[in-house]
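# Structure at a glance
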Amino acid sequence: MLRATLKSLLARKLRLVLSGLAVLLGVMFVSGALVLTDTLNRTFDSIFADAYASTDVSVAAKPKVEVSEMEGEEVAAPLPASVVETIKTQAGVRSATGRVDADGARVIASDGKVLTSFGPPRIGSNWTGTDESMEMRAGRGPEAPGEIAMNATTAELSGFTVGDRVSVLTQQPKREFTLVGVWGYTGGRDSISGVQEVAFTTPVAQELMLGEKGVFTSVTVQAADGVTPEQLRDRIAPVLGADYQVKTGDQLAEENSSSLKEGMGFFNQILLGFAGIALFVGIFLILNTFSIVVAQRTRELALLRAIGASRRQVINSVLVEAVVVGVIASVLGLAAGVGAGAGLGALFSGMSGGMDLAPIGVPLSAVISSFTVGILVTVVAAVLPALRASRISPVAAMQDVATPDRPLTKLTVAGTVVTAAGAAALGIGLFADAGDATLYLILGGVLVTFIGVALLTPLIARPVVSVLGRLFSWSVPGRLGRLNSGRNPRRTAITAAALMVGIALVTGVTVVMDSAKSSLKSEAARILKAQIMISGDQGGPRPPTYDPAVLDRAAQIPGVRAAAGLYNDLVAIGDDRTYVAATEDLSRMAEAYGTTAAKLGPGQIAVSAPEATERGWQMGSTTTIQTAKGEPRTYTVAHIFTEDTLPGSIILPAEAIKGFGITQPILGFIRLDDGVAVSSVLPQVKALVADSPEVTATDQQTFVDDQAAIFDQIIMMIQILLGLAILIAVLGVVNTLALSVLERTRELGLLRAVGLGRAQTMRMITVEAVVIAVFGALLGVAVGAGMGSAVAHALENDGITDIVLPWARMGTYLFLAALVGVFAAVLPAIRAARLNVLGAIAHD
């Protein structure tokens, strides 16, 4: 029986190529994600090992507000210079050097634009000379306050050479320096992991990067001969006490690498999630393929039963084919995944400024996952066709047709139950408080709902396909294509369901994003009275900032009613970490925002009503807030405002700003007097921010549109990630048509014999493909619109007040589906048109 199975597989090897391709693509996504993660993890290990290679022990003050990798950047607490002197006196210390290393040194390139960074920080440091991993490429280190040096990556990106004048943005407004040196790293590296670095003299670095002189961010300690880093750490730690962190270079390398890996783990989960969607879609393709193959082999399987093959042997025969397909697809998918991982790694490296990647490797997890997923998905999809094959009666060997259309009653009942269960789980997850189970209920509800809809699809396939097909029924090929697409509703439904999943997810996300975008614009028009905004696009870990003096000068422009800036930082309130806002004058901010409020005095805060209710605060309540660089301070609630009438939920007074990690405003609001034209004031404000090239001044509508653009970016990202699932669904249409042509060889021969031309045959196949593809897209649009509307409605309390159906996008999806049908029909149509008429008529 095994030999017969393998011979059958080899005799019809082309019939399973597309099924194997679907598994291959899914496995490629899974293995590619794991290869990428492994490569980046080893890259991070190498980067931080190199960064701390010359560090025996590092000392830093404990951060005042601890921040995880997913929450943002952790701001180092200032370390007094006296600590450096204390460390130098300890036994076993060869040298102790105070270091200033802080993110936020943004170089203005020779073209006048700020160098951006998508990932690596832009470090401002104090020049302490070169160590064993550094090498001067040109010039020397800075010695005077007006001099800087930079690493080779920054010099190359900015277009500067030694001797040029360079403008740099820091915690203070733009300053100009002379570039006196460029350094690189051993091994021909221009930077460590694409980090942009600018080095100042120590006093200047302290002033510009930390905001005060006589402090450092850390101390690098070298051990004397015969003293291990661990021994030195254990000697220094008790002397400095619990307020300081004393760690070896190896510890720091491990901790920093682990922190980045945590962030990458989240990214990896997203990739694996989309890989799961692709494999889920692939199951439909494989199920359909094996169902068609079993139908085509009815007489063959019946003959096997007639000569003594048991039902178990027939089942095993189909499952062996599935295993063979799964193994081959897994091997090829793993190989493709290695290539995809390498490509994504190169893309990641390019986006991060030229990160030196570790060599591409194939982790054991990728190998195990590839074969487990590939074989399991293929076998699971083949189970139902295998069971159906085992029920073929031996007498079918004497019949021409052994696959009569079966009633849909059981399938409809099952689909109704499954859909109801999925909808219930989705509803509980969206509208009830399910705690930690919320996400699982939503994801599970979506998955089960998709399965339920797929089970119900055969019920509506024939009538819907018949209606869609009438659009093409003006010719004989069109009428034949319409009839063929509705001939087997189960087969049509499974093919369409595969396309439905991808389009439903894209449509659902589009509904939610467009609803959020519309709600944002409506809410902004309602609450925002400032006609001019100062803002910028974030090109790195830090938000763009500008000189606060701009606001004072803007307030003096004729026609300006009020100008106020917004500061933002992550603080600790008890055990809770939350973002808060601050402004120099709350009354000016309220005036610019279109409301009223008194200026906050020292030790006073303003809180939104929902925030006050959640925390149990009322007028006069007190709370202690720890900022990133300041000392803990007790504040009194002096103003409770209606939600959205002021920016933020907790607003601190001006005195708190100096303790923020970023001490410059990130947004500006300028309100004009009644009757003053924006066009008369906007150019003057733009001129004021000319020295802060990270930001620009725009009118209110442009600002709101820029903020809403993030939703379009999310939609684009989802479309790209779901593209693989949709591609697999397209392969499903091709596969169904190709196998259908093989199955209907004799029928096609008879049609050709009675006068159907080659072109007409091709049009008939094309109509069939277009109808199936549009049917799947129509299902996807309907299901996606329903799910998206439900999610948007559930998020009403989170600010989504409008539900928007993207009719234009949905129409585009239907149009693209029709094009997909045309392209999917090309190869099957050509094959059908080239059939030898006499040979096809004689085909058994």
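Since the model is a prediction, treat every value here as computed from it, not as a measurement. (Residues numbered from 1 in each chain as written. Predicted model: local features only at pLDDT ≥ 70, side-chain atom pairs only at ≥ 80, totals over all residues. Heavy atoms only, no water.)

Scanning the protein chain from terminus to terminus reveals 24 helices and 23 strands. Along the first, second and third principal axes, the C-alpha atoms of the protein chain reach 100 × 75 × 50 Å. Residues counted as buried form 50% of the 844 residues belonging to the protein chain. Counting contacts in the protein chain only where the partners sit at least 6 residues apart, residues at least 24 apart contribute 81% of the total. When the accessible surface of the protein chain is summed, it comes to about 36600 Å², and 60% of that surface belongs to carbon and sulfur atoms. (Helix = DSSP H or I, 4+ residues; strand = E, 2+ residues; numbered from the N terminus. Buried < 20%, exposed > 50% of the residue type's maximum accessible area, 1.4 Å probe, protein only. Contact = heavy atoms within 4.5 Å. Areas by Shrake-Rupley, 256 points an atom, 1.4 Å probe, with all protein chains shown as cover.)

This part is about the sheet that holds strand β1 (residues 57-61). In any sheet, the strands associate via hydrogen bonds between backbone groups, in a parallel or an antiparallel arrangement. Taken in spatial order, the four strands line up as β3-β13-β1-β14 in an open sheet, and their pairing is antiparallel. Each edge of the sheet is formed by a strand with only one pairing partner; in this case those strands are β3 (93-99) and β14 (244-248). Sheet twist, expressed as the average angle between the axes of neighbouring strands with direction ignored, equals 20°. Seen against the sheet, helix α3 (residues 81-88) touches β1, β3, β13 (218-223) and β14 and runs at an angle of roughly 170° to β3. Packing against the sheet, helix α6 (residues 229-240) makes contact with β1, β3, β13 and β14, and its axis sits at approximately 175° to β14. (Pairing = 2+ DSSP bridges. Axes fitted to C-alpha atoms, helices over the stretch in contact; angles between N-to-C directions.)

This next bit is on the nonpolar core. Counting residues in each nonpolar core, the largest one holds 92 residues, and the members touching the most others are Phe284, Phe450 and Ile728. In contact with Phe450, other than residues within four places in its own chain, are Phe280, Met500, Val501, Ala504, Leu505, Val783 and Met787. Listed in part, the 41 residues of the second largest apolar core include Val57, Ala102, Leu210 and Ala223. (Core = buried A, V, L, I, M, F, W, Y, C linked by side-chain atoms within 4.5 Å.)

Quick look at the pairing of β1 now. Taking burial as the measure, the five residues of β1 include five buried ones, the bulk of the element. Where β1 and β14 come together, five bridges link them in antiparallel fashion. Along β14, the bridge assignment pairs Val59 with Val246. As paired elements, β1 and β13 share three bridges and run antiparallel to each other. Paired with Val59 across the two strands is Val219, which belongs to β13.

The next point concerns α3. One full turn of an α-helix is made of 3.6 residues, so residues set three or four places apart face in the same direction. Turning to α3, its buried residues number three or more, namely Val83, Val84 and Ile87. Across the axial projection of α3, the buried residues extend over an arc of 105°, all falling on one side. (Arc of directions from axis to C-beta.)

On to the pattern of salt bridges. Between side chains of opposite charge, pairing is possible as soon as their charged atoms come close. Taken as a whole, this structure holds 26 salt bridges when the rule is applied. Across the salt bridge formed by Lys517 and Asp514, the nearest N and O atoms sit 4.0 Å from each other. Of this pair, Lys517 and Asp514 are both found in helix α14 (residues 489-527), three residues apart, which corresponds to roughly one turn of the helix. The salt bridge involving Asp552 is made with Arg588; its shortest N-O contact spans 3.8 Å. Note that Asp552 is positioned in helix α15 (residues 549-555) and Arg588 in helix α16 (residues 586-593), a separation of 36 residues in sequence. Residue Asp552 is classed as partly exposed on the basis of its relative accessible area of 45%. Linked by salt bridges that have partners in common, Asp514, Lys517, Asp712 and Arg809 make up one network. (Salt bridge = Lys/Arg side-chain N within 4 Å of Asp/Glu carboxyl O.)

Take the packing of helix α11 (residues 409-431) against helix α12 (residues 438-469) next. Packed helices, taken two at a time, are described by their axes: the angle between them and the distance between them. Contact geometry of α11 with α12 gives a least axis separation of 7 Å together with a crossing angle of 155°. Comparing the axis directions of α11 and α12 gives the class roughly antiparallel. In the crossing of α11 with α12, the sense of the turn from one axis to the other is left-handed. When the residues that make up the contact of α11 with α12 are grouped by side-chain class, the tally is 19 nonpolar, 10 polar and no charged. (Parallel < 35°, antiparallel > 145°, perpendicular 65-115°, else oblique. Left-handed = near helix turned anticlockwise from the far one by under 90°. Nonpolar A, V, L, I, M, F, W, Y, C, P; charged D, E, K, R; others polar.)

A few words on the sheet that holds strand β23 (residues 696-699). Spatial ordering of the open sheet is given by β19-β20-β18-β21-β17-β16-β22-β15-β23, a layout of nine strands whose pairing is mixed. On the outer flanks of this sheet lie β19 (622-625) and β23, each paired with one strand and no other. The mean inter-strand angle of the sheet, taken between neighbouring strand axes irrespective of direction, is 35°. α16 rests against β16 (560-573), β18 (604-608), β20 (633-641), β21 (650-652) and β22 (667-672) of the sheet, and its axis sits at about 115° to β16.

This part takes up the environment of Val325. Topologically, Val325 is positioned in helix α9 (residues 311-351). Classification of Val325 by relative accessible area gives buried; the value is 9%. Placed 170 residues apart in sequence, Val325 and Ala155 show a C-alpha to C-alpha distance of 53 Å.

Glancing now at a nonpolar patch on the surface. Judged by side-chain polarity, Phe815, Leu816, Leu819, Phe823, Val826 and Leu827 come together as a nonpolar surface patch covering roughly 620 Å² of accessible area. Among the secondary structure elements, those contributing two or more residues to the nonpolar patch are α22 (807-824) and α23 (826-833). Within the secondary structure, Leu819 sits in helix α22. Overall, the relative accessible area of 35% leaves Leu819 in the partly exposed class. (Patch = residues over 30% accessible without salt bridge, like charges linked within 9 Å, V, L, I, M, F, W, Y side chains within 5 Å.)

One pass over the full model with this rule turns up three aromatic pairs. Taking the centre distance of 5.5 Å and the plane angle of 55° together, the rings of Trp127 and Trp183 count as tilted. One end of the pair, Trp127, is in the loop between β6 (122-126) and β7 (134-139); the other, Trp183, is in strand β10 (residues 175-185), with 56 residues separating them in the sequence. The exposure classification of Trp127 matches that of Trp183, with both residues buried. Both rings, one in Tyr593 and one in Phe669, keep their centres 5.2 Å apart while their planes meet at 75°; by these two values the pair is edge-to-face. Of this pair, Tyr593 sits in helix α16 while Phe669 sits in strand β22, and the two are 76 residues apart along the sequence. Note on accessibility: Tyr593 and Phe669 belong to one class, buried. (Phe/Tyr/Trp six-rings, centres within 6.5 Å; stacked < 30°, edge-to-face > 60°.)

Below, the discussion takes up the packing of helix α21 (residues 758-794) against α23. Two elements in contact, α21 and α23, have axes separated by 8 Å at closest approach and are oriented at 145°. The hand of the α21/α23 crossing is right-handed. Contact residues: Arg758, Thr761, Met762 and Ile765 in α21; Pro828, Ala829, Ile830, Ala832 and Ala833 in α23. Here the residues of the contact of α21 with α23 sort into seven nonpolar, one polar and one charged.

A word on the pairing of β6. In terms of residue burial, β6 counts as a mostly covered element, since five of its five residues are buried. Pairing of strand β4 (residues 101-103) with β6 involves three bridges; the strand directions are antiparallel. Its bridge partner lying in β6, Ala102 is registered against Gly124. The pairing of β6 with strand β11 (residues 196-200) spans five bridges and is parallel. Bridge assignment links Ile123 to a residue of β11, and that residue is Glu197.

So, about unusual backbone geometry. Of note, the phi angle at Asp644 is positive, near 75°, even though the residue is not glycine. Positionally, Asp644 belongs in the loop between β20 and β21.

With that settled, consider the side chain of Arg671. With respect to the secondary-structure elements, Arg671 resides in strand β22. The buried charged residue Arg671 lacks any salt bridge, with Glu591 as its nearest oppositely charged partner at 4.3 Å. For Arg671, the contacting residues outside a window of four places in its chain are Lys529, Ala530, Gln531, Val560, Arg561, Ala562, Glu591, Ala592 and Gly594. (Lys, Arg positive; Asp, Glu negative; His and termini not counted.)

Among the residues of helix α13 (residues 476-485), Pro477, Gly478, Gly481, Arg482, Asn484 and Ser485 are the ones counted as buried. Seen along its axis, α13 keeps its buried residues to an arc of 165°; they face one direction. On its buried side, α13 packs onto α12, α14, α20 (745-753) and α21.

Time to look at the environment of Gly668. The residue Gly668 is located in strand β22 in this model. Placed 84 residues apart in sequence, Gly668 and Glu584 show a C-alpha to C-alpha distance of 12 Å. Ignoring anything within four residues of it in the chain, the contact list for Gly668 reads Ile532, Met533, Ile534, Tyr546, Leu551, Ala564 and Gly565.

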